[in-house]
Amino acid sequence: MNTYLKQQTEGSSLPSGFAQRTGISLKPSYYEQILQERPEVGFFEIHAENYLSPGGPAHYYLERIREHYELTVHGVGLSLGGEEPLNLEHLERVAQLVERVQPAVFSEHLAWSTHQQNFLNDLLPVPYTEVRLAVLCEHVDQVQSHLQRQILIENPSTYFEFNSSAMSETDFISELVKRTGCGLLLDVNNVEVSCFNHQRSAAEYLRQFPMQAVRQIHLAGYTLDEGAQPRLKIDSHDQAVAHEVWQLYQHALELIGDCPTLIERDGNFPELSTLLQEAAQANQIRHLVKEIDHAAAI
Amino acid sequence: MQQPFKQALLSTHPDTEQALLNDIRGADVTERQQRLNVYRNNVIVSLMEALGDIFPVCKQVVGEAFFNAMARQYIERHPPTSPVLSGYGDQFSEFVRDFFPAQSLPYLPYLCDLEYRLLQLTHTAEVPTLSLSCAQQRLSQVQNPEALALHLSPQCKLLRVPFAVGSLYLAHQTDTPNLSQLNIAQTEYLLLAKASLYGRMYLISAAEFDFLKALQDEPNLSQALPDHEAFDLGQTLAKLMTWQVLHAIEES
C-alpha cells in the first residue's frame, strides 16, 4: 500500500455529514428545491462526468449546493476495467473536479466503458482473470496516484459471466484491494441483481466479500425483465429500493457495522421527499444495527 | 475481448456477436443472446436518450420513432468519443443531411445544428456582460455618439439560415407548439448568446444581422450602421441591452 493511502486511511476521521447521515444522488430537477428547503441530507453524490463543464447550470448549482452540503464524486467514465491505457485527458479533468469540490470520497467501477476511443455509456463486465486483474490494478494505482487519495471501487451488476473467468468476483475484488489499497463501495442492489441473475446466494456473496475495505454503500432500485428466460434483474436505478435489498442492506451492516450510505437514483425521478424518505429508512436501519451492536456488547 | 464486445453492442448485424457469445455462460445460444442483449439495450437506449436530450426539438418535430431510427444509425456510425456526453452529436446535423428518409425535411440539419450550438454554449464558462441598468447608465453618459464603441460578448454567434428554424425552435419552447403561422421556407437571422446560465437564441432582422456582424469586426458604432431603411438603432440597442449581450460600451 502506498504511504499516502495508509496515512489517509488511518489518520483522517470521516467528515460528519457523510459519515452520519444517508445521502442522495444530486439531480438537476432537485437543484432549486434543495437550495430553498435545505433538506436534512448527509451528503449529495454527483456523477463526475456531468460536472466537468466550466459553466452552465450544473456548474452553477454545484457551487451553491456545496456551500451547504458535503459531496461525494462517483465516476462513471474512467473505464478502469478497460484493456487499453486510461484516457489521461479525462482523468485530468476528473482530478480537477475532485480538487475543486474536495469530496468525502471518490468512487469508480469495476467495469469498462471505453474501447479504441469509443465510449459506450454502460458499465461493461470484465472476465475475472489474472491478466485483467493486473491491468485493473495498474489503472487503480494510476488514479490513486493522480488524485493523491484512496479511491473506492464498486462491485458491478452483471448480466452474464465469462467462461474465461478463472476466479470468483469476490476473490478478484479481494485481490484488487490487497494489491492497490483501494477501498470498496458496496452496492447492495448490485449484489442482489448479480446474484439473482447468476442464481447465487446474495448472503453467501456478502460472506465472501472483503467487508473490511467497504467505505460506502449504495442502495438503488432494479427492474425485473420478465420476458427473458431465465428472468433477469436489471440495475436500472429508476425504482424505489426493493424489499429484499433493504434486508440485504441490514445484513451487510450487521457484518461491517455502520457505514456511509447513498440512495442512488438516475431515472424516473420521484418527488425529492420520496428519496428523503428512503434516506430516512436507511438511517433507521443504521440506527437499529448500532443499537443491536451496542446491546450485544453488554 | 473488448473489440468483439464493442462490435456486438453497436452493430445491427447479428454475425458480429459470435466471438463473444462463445465466452458467455448460459444453457444455450438463446440464453447467452438474452444476457448479451441487456448490455446492447443499455448502450443503445441510453445513447438514444442522450441524443434525444441534446436534440429535443428535432425529436419532437420528427416524432420519437423516426428520431430513434435516425439516432440508432448515428450511434452505430459515430459512437461517442468521450465520456462527457454533453458534447456528443457534433456530427449529427451532417448525418441528418445525408440520412435518406429525412431528405424531405431539408430544414432538419439546420435545426439540429442550432440545438447543438445552444447546448455547447450552455456548457461554456460564463463571460461577464453588462446588466440592463449598467448598460443604460453607460449609454446615458455618452458625450460623443460618433465615438461610441459597442463590444459584443465574445460568446455571441450570428447565423443566417435558409429556413425558419429559429421560429420552429421557439415555437417548441412551449408545451403546445403553434405552427400555424410558420413558413419554414423562409431565411432567418439568429443571434446566439449566453444569458442566465443557458445558451439562448434571438430572432433578428437582416439589418440587425449586418449591424452585429459589422460590430464583431469593428466595434465603432457609426461605422457599423447598416444601410437599411428598416434599421432602427434605438430599438436594436434596447434589445441588445435587454438580452445582456454587450460586453462593454466605450467612448474612444
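Nothing here was measured: the structure is a model prediction, and the numbers come from that model. By convention here, each chain's residues receive numbers from 1 onward along its written sequence. The order in which chains are written sets their letters, starting at A; the order in which ligands are written sets their numbers, starting at 1. Local features are withheld for residues below a pLDDT of 70 in this predicted model, meaning they are given only at 70 or higher, and side-chain atom pairs are given and counted only at 80 or more; totals for whole chains, interfaces and linings count all residues. Only hydrogens and water are removed before side-chain values are computed, so all heavy atoms of the structure are retained for them.

1. Thoughts on the packing of helix 10 (residues 243-256) of chain A against helix 11 (residues 272-297) of chain A
Residue and element names in this part refer to chain A. Definition in use: In this description, a line fitted to the C-alpha atoms serves as the axis of each element, helices being fitted only across the stretch in contact, and the angle between N-to-C directions of two axes falls anywhere from 0 to 180 degrees. Strands here are runs of E lasting at least two residues and helices are runs of H or I lasting at least four, both read from the DSSP assignment and numbered beginning at the N terminus. A clockwise turn of the near helix away from the far one marks a right-handed crossing, whereas an anticlockwise turn of less than a right angle marks a left-handed crossing. Contacts were defined at the residue level, with two residues in contact if any of their heavy atoms lie within 4.5 Å.
Viewed as axis vectors pointing N to C, helix 10 and helix 11 meet at an angle of 35°, and their least axial separation amounts to 10 Å. Seen along the crossing, helix 10 lies across helix 11 with a hand that is right-handed. Counted together, W246, Y249, Q250, L253 and E254 of helix 10 and E278, Q281, A282, I285, R286, L288 and V289 of helix 11 form the full contact between these two elements.

2. Side note on the domain arrangement of chain B
Residues and elements named next belong to chain B. Rule in force here: In this document the domain limits rely on a domain assignment from an automatic tool or a database. Simply put, the buried area is the total loss of 1.4 Å probe accessible area from both parts when two parts are fitted together.
Under the domain assignment, chain B is made up of domain 1 (2-123) and domain 2 (132-251). If you average the C-alpha positions of domain 1 and of domain 2, the two centres end up 36 Å apart. On the side of domain 2, 23 residues touch domain 1, which itself brings 14 residues to the contact. In total, about 1600 Å² of surface goes out of reach between domain 1 and domain 2, with carbon and sulfur atoms giving 80% of it. The largest share of the area that domain 1 buries against domain 2 comes from L114, L118 and L121, three residues that together contribute 36% of it.

3. Observations regarding the side chain of D235(A)
Residue and element names in this part refer to chain A. How we decide: Polar contacts, as counted here, are pairs of nitrogen or oxygen atoms within 3.5 Å of one another; within protein the pair requires one atom able to donate a hydrogen and one able to accept it, and residues that are adjacent in sequence qualify only if both atoms are side-chain atoms.
Residue position: D235 is located in the loop between strand 11 (232-234) and helix 10. Within the local environment of D235, its side chain forms a polar contact with the side chain of S157, the two groups lying 3.1 Å apart. Of note is the side chain of D235, whose polar atom sits 3.0 Å from the side chain of H237.

4. With respect to the interface of chain B and chain A
Selection rule: Basic side-chain nitrogens of Lys or Arg form a salt bridge, by our definition, when they fall within 4 Å of a carboxyl oxygen of Asp or Glu.
Contacts between the two partners involve 38 residues from chain B and, on the opposite side, 48 residues from chain A. Summing the contributions of chain B and of chain A, the shared interface buries around 3600 Å²; its carbon and sulfur component is 57%. When the buried surface of chain B facing chain A is broken down by residue, Q2(B), R25(B) and Y39(B) rank first, second and third, together holding 21% of it. At the surface where chain B touches chain A, the tally comes to one salt bridge. With a closest N to O distance of 3.6 Å, E161(A) and R25(B) form a salt bridge. Connecting chain B to chain A are 21 residue pairs in polar contact (both at pLDDT 80 or more). Elements with a minimum of two residues in the side of chain B that touches chain A: helix 1 (2-10), helix 3 (29-54) and helix 7 (108-123) of chain B.

5. Re the pairing of strand 1 (residues 148-152) of chain B
Regular strands have side chains that alternate between both faces of the sheet. Residues and elements named next belong to chain B. Let me state the cut-off plainly: Relative accessibility thresholds used throughout: buried, under 20% of the residue-type maximum; exposed, over 50%; partly exposed, between the two (1.4 Å probe, protein chains only). Here, a strand pair is defined by DSSP locating no fewer than two bridges between the strands.
Taken across its five residues, strand 1 has four buried, putting it largely inside the fold. Where strand 1 and strand 5 (residues 246-251) come together, five bridges link them in antiparallel fashion. Looking at the pairing, L148 lines up with E251 of strand 5.

6. Observations regarding the sheet that holds strand 4 (residues 198-204) of chain B
Residue and element names in this part refer to chain B. A sheet is described by the order of its strands in space; here three strands give the open sequence 2-3-4, paired in antiparallel fashion. This sheet does not close on itself; its edge strands, each paired only once, are strand 2 (157-161) and strand 4. Between one strand and the next, the sheet's axes are offset by a mean angle of 30°, whatever the strand orientation. As defined by bridge partners, strand 3 (residues 188-195) adjoins strand 4 across seven bridges and the pair is classed as antiparallel. Note on strand 4: the bridge partner recorded for L190 is L203. Running at roughly 140° to strand 2, helix 10 (residues 206-217) makes contact with strand 2, strand 3 and strand 4 of the sheet.

7. Observations regarding the pattern of salt bridges
In total, this model carries 22 salt bridges over all chains according to the counting rule given. Among the salt bridges present, the one from D258(A) reaches K290(A), with a minimum N-O distance of 3.7 Å. Here D258(A), found in the loop between helix 10 and strand 12 (261-263), pairs with K290(A), found in helix 11; they are 32 residues apart in sequence, far enough to count as distant. Under the relative-accessibility criterion, D258(A) is labelled partly exposed at 32%. What makes K290(A) partly exposed here is its relative accessible area of 42%. The shortest N-O distance in the salt bridge between R117(B) and D113(B) comes to 3.0 Å. With R117(B) and D113(B) both in helix 7 and four residues apart, this pair spans about one turn of that helix. According to the relative accessible area criterion, R117(B) is partly exposed, its value standing at 31%.

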